[in-house]
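Fold and geometry: a report
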Amino acid sequence: MKMFRVLLLSSLFLAVLSACSKSDKPGVPSNDKKAKLTFTVSSEFHKVEGDHFEVTVSGADTKGNFIDWMVNGARKTGTNVSVGDDDFNNGKTITIESASDFFGGDVYFGGFEGSVTPFTVTWKIEVNGTTIEQGTQKVVRDMSPTFSKSFQLKLK
């Protein structure tokens, strides 16, 4: 399932890179976006009880180089940056920010409840200081469909 998400994110990311973009110079895509993503998982989230929640984010500049991300102030590098169960265990807030300007990017997040105590996820996704998505979801056992969302990091 994790490999499927990586492939899905990679294909979405390539689609973003090949898309046309508004720019100051005709034919040259804009590379002036910054992102800030904030996720809070309630204290009812317990990895030991089988609860699961994961966030994966990626972004690239106009040359196709992957950018770095700051996760609660610590620099993370790689094609996809992920935070998950260990990071959110017992309820935590995690902020992920682009370390540099990017041209295109994607975020995937989701999870499931493994015991009998539902947990709550709250999120806010901003690009260039503008909120593009925010919400709250109570995650309960045997939710159908399983809680998951994905977004392109772009202004609407």
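Now for a quick tour of the structure. Since this is a predicted model, take the numbers as computed values, not measurements. (Residues numbered from 1 in each chain as written. Predicted model: local features only at pLDDT ≥ 70, side-chain atom pairs only at ≥ 80, totals over all residues. Heavy atoms only, no water.)

**Quick look at unusual backbone geometry**
Cis peptide bonds are those with omega within 30 degrees of zero, and the linkage from Ser144 to Pro145 qualifies with 0°. Structurally, the position occupied by Pro145 is in the loop between β9 (130–139) and β10 (147–152). Despite not being glycine, Asn128 shows a phi value in the positive range, around 50°. Given a relative accessible area of 36%, Asn128 falls into the partly exposed group. Phi angles above zero are rare outside glycine, and Asp142 is one such case at about 60°. (Helix = DSSP H or I, 4+ residues; strand = E, 2+ residues; numbered from the N terminus. Buried < 20%, exposed > 50% of the residue type's maximum accessible area, 1.4 Å probe, protein only.)

**Things to note about the pairing of strand β8 (residues 119–127)**
Across seven bridges, strand β1 (residues 35–41) lies against β8 in antiparallel orientation. Bridge pairing in β8 places Leu37 opposite Ile125. The pairing of β8 with β9 spans nine bridges and is classified as antiparallel. Bridge assignment links Thr120 to a residue of β9, and that residue is Lys138. (Pairing = 2+ DSSP bridges.)

**Focus on the pattern of salt bridges**
This model, assessed by the stated rule, comprises two salt bridges. Its salt-bridge partner being Asp86, residue Lys47 comes within 2.4 Å of it at the nearest N-O pair. Linking Lys47 in the loop between β1 and β2 (52–60) with Asp86 in helix α2 (residues 85–88), this pair joins segments that are 39 residues apart in sequence. Lys47 sits in the partly exposed class, given a relative accessible area of 37%. With a relative accessible area of 56%, Asp86 lands in the exposed category. (Salt bridge = Lys/Arg side-chain N within 4 Å of Asp/Glu carboxyl O.)

**With respect to the sheet that holds strand β6 (residues 92–98)**
Read from one edge of the open sheet, six strands run β4-β3-β6-β1-β8-β9, paired in antiparallel fashion. Lying at the two open borders of the sheet, with one neighbouring strand each, are β4 (74–76) and β9. On average, each strand axis in the sheet is tilted by 20° relative to the strand beside it, whichever way the strands run. (Axes fitted to C-alpha atoms, helices over the stretch in contact; angles between N-to-C directions.)

Read these as spatial facts, not as claims about activity.
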